[in-house]
Amino acid sequence: RENEEMNGLTRREFVGGIGAFGGLRLFAAAPGSCLGDTPNLRFGVLSDLHIQCVKGDCGWGGGPEAFEHALEYFRDRDVDAVMIAGDMSDLGLGDELMLVGQTWDKVFPDDRAPNGKKVEKLFITGNHESGIFQWNGNLPRLRKMFPDEAEFRRQLLRYDYATWWEKAFHEPYAPFYHKRVRGYDFLCANWDDGRPVTRPLEEYVGKGGANPETFGVDLRKWLDEHGSALDPKKPFFYQQHSHLWKTSYGDWGWGHDRGIATEVLSAWPNAVSFSGNSHYSLTDERSIWQGAFTALGTASLRYSGTPY
């Protein structure tokens with residue numbers, strides 16, 4: 001049993017009180033996690049939507065219907081925010097990100113619930129948005145779809161994250177950002193190290209994508225500058241697409257970063273991280289890791305898997 005407390009709760013009790021994680025109420029709320037009958041904070045968690053639509057053709061299972069139903073589920077449970085831990089798009093196309101935004105606007109127009117309450121977007125990109133780590137053959141397929149180089153660059157998110165992000169989500173884009181929801185802090189790291197793509201994408205394939213090695217760098221900088229203002233008795237939340245090193249189960253470490261984020265958060269017992277990428281099942285209790293901090297694997301909305 002952990003000794004440190006957050007709002008009078010141990011970390012284990014906090015995890016036991018999680019409400020809308022992954023679209024499921026996993027456990028009954030722990031005593032002390034609510035003000036009266038109302039939870040202090042409700043947020044829905046999704047990852048790996050893998051919306052796949054090219055020129056209006058969403059193919060088998062690639063449309064936004066499952067995402068829309070998940071948002072409706074969260075809306076009906078009066079969430080304060082929705083987190084998406086990366087891989088919203090499957091092929092890394094701007095039109096796919098636009099579908100994510102349009103589906104959000106359909107369920108939460110103007111970022112509002114039916115009662116008028118603001119619902120925050122906590123979205124980040126993953127390796128599929130990067131358009132670089134296309135190990136599964138998508139890059140040759142996209143070259144055939146968009147043989148003209150200029151059109152190819154216009155269609156892919158990785159060449160202009162900022163423009164596509166603002167069009168889809170009506171807010172500025174940043175590789176790393178912070179939001180506060182009902183007094184709780186969320187730190188969100190996109191799959192983006194800020195470096196422009198200067199060579200043909202084929203030269204990046206199989207080389208680890210845009211920035212798995214840099215996950216945690218911006219996190220460290222933010223905590224160095226602002227961490228002293230965080231209330232040590234309250235949890236704060238961090239999300240990135242790759243699993244944090246040594247926090248994910250499975251025989252094969254697919255989806256791990258290089259360990260910087262784990263090192264940084266190990267000094268913060270009140271930190272709770274969320275990550276996706278591996279598509280491992282949420283029904284395995286090892287999706288919840290409790291070491292120096294708490295880490296949760298988010299499973300996936302599309303094609304969940306099991307460890308090798």
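What comes next is a walk through the structure. In this text, all values refer to a predicted model and were calculated from it rather than measured experimentally. (Residues numbered from 1 in each chain as written. Predicted model: local features only at pLDDT ≥ 70, side-chain atom pairs only at ≥ 80, totals over all residues. Heavy atoms only, no water.)

Right, let's talk about the state of the cysteines for a bit. What the rule picks out here adds up to 1 disulfide. At a sulfur-sulfur separation of 1.9 Å, the disulfide partner of cysteine 53 is cysteine 58. Linking cysteine 53 and cysteine 58, the disulfide has an S-S dihedral of approximately 100° and is accordingly described as right-handed. (Disulfide = S-S within 2.5 Å.)

Aromatic ring pairs are reported here in terms of the distance separating the ring centres and the angle at which the planes meet. One pass over the full model with this rule turns up 18 aromatic pairs. On the numbers, 5.4 Å between centres and 90° between planes, the contact of tryptophan 104 with phenylalanine 123 is edge-to-face. Here phenylalanine 123 lies in strand 7 (residues 120-124) and tryptophan 104 lies in helix 3 (residues 94-107), a separation of 19 residues in the sequence. Ring centres 5.2 Å apart and planes at 80° place the aromatic pair phenylalanine 123 and phenylalanine 169 in the edge-to-face group. Highlighted residues: phenylalanine 123 in strand 7 and phenylalanine 169 in helix 7 (residues 161-169), separated in sequence by 46 residues. Through pairs of rings, three or more aromatic residues link up here, namely Trp104, Phe108, Phe123, Tyr161, Trp165, Phe169 and Tyr173. The ring of tyrosine 73 has arginine 77 lying over it, and the distance from NZ or CZ to the ring centre is 3.6 Å. Seen from the ring of tyrosine 184, lysine 234 lies directly overhead, with NZ or CZ sitting 4.4 Å from the centre. (Phe/Tyr/Trp six-rings, centres within 6.5 Å; stacked < 30°, edge-to-face > 60°. Helix = DSSP H or I, 4+ residues; strand = E, 2+ residues; numbered from the N terminus. Lys NZ or Arg CZ within 6 Å of the ring centre and 35° of its normal.)

For the rest of this paragraph, the subject is the sheet that holds strand 11 (residues 271-275). The strands making up a sheet associate through hydrogen bonds between their backbones, and the pairing can be parallel or antiparallel. Spatial strand order, 8-9-10-11-13-12: 6 strands in an open sheet with mixed pairing. Only two strands of the sheet have a single partner each, and these edge strands are strand 8 (176-181) and strand 12 (288-290). Between one strand and the next, the sheet's axes are offset by a mean angle of 20°, whatever the strand orientation. Its contacts with the sheet put helix 8 (residues 217-226) on strand 8, strand 9 (184-189) and strand 10 (236-239), and the angle it makes with strand 8 is roughly 50°. (Pairing = 2+ DSSP bridges. Axes fitted to C-alpha atoms, helices over the stretch in contact; angles between N-to-C directions. Contact = heavy atoms within 4.5 Å.)

So, on to helix 7. For helix 7, the full list of buried residues reads Tyr161, Trp164, Trp165, Ala168 and Phe169. Each buried residue of helix 7 lies within a common arc of 100° when the element is viewed along its axis, so the set occupies one face. Packing partners of the buried residues in helix 7 comprise helix 3, strand 7, helix 4 (127-130) and helix 6 (149-155). Just beyond helix 7, the residue with positive phi is histidine 170, at close to 60°. (Buried < 20%, exposed > 50% of the residue type's maximum accessible area, 1.4 Å probe, protein only. Arc of directions from axis to C-beta.)

Taken together, 3 strands build an open sheet; the order of strands is 5-6-7 and the sheet is parallel. Every other strand in the sheet has two partners, leaving strand 5 (43-46) and strand 7 as the edge strands with one partner each. Within this sheet the neighbouring strands show an average axis-to-axis angle of 10°, counted without direction. Looking at chain direction, strand 6 (residues 81-85) and strand 7 are connected through 5 bridges and run parallel. In the strand pairing of strand 7, isoleucine 84 is matched with phenylalanine 123. Across the sheet, helix 2 (residues 65-76) touches strand 5 and strand 6, and the angle it forms with strand 5 is around 160°.

How two helices sit against one another is set out by the angle between their axes and by the gap between those axes. Direction vectors running N to C along helix 2 and helix 3 enclose 35°, while the axes themselves pass 10 Å from each other. Crossing of helix 2 over helix 3 shows right-handed handedness. Contacts between helix 2 and helix 3 involve Phe67, Glu68, Leu71, Glu72 and Arg75 from the first element and Val100, Thr103, Trp104, Lys106 and Val107 from the second. Grouping the amino acids of the contact of helix 2 with helix 3 by side-chain chemistry returns 5 nonpolar, 1 polar and 4 charged. (Left-handed = near helix turned anticlockwise from the far one by under 90°. Nonpolar A, V, L, I, M, F, W, Y, C, P; charged D, E, K, R; others polar.)

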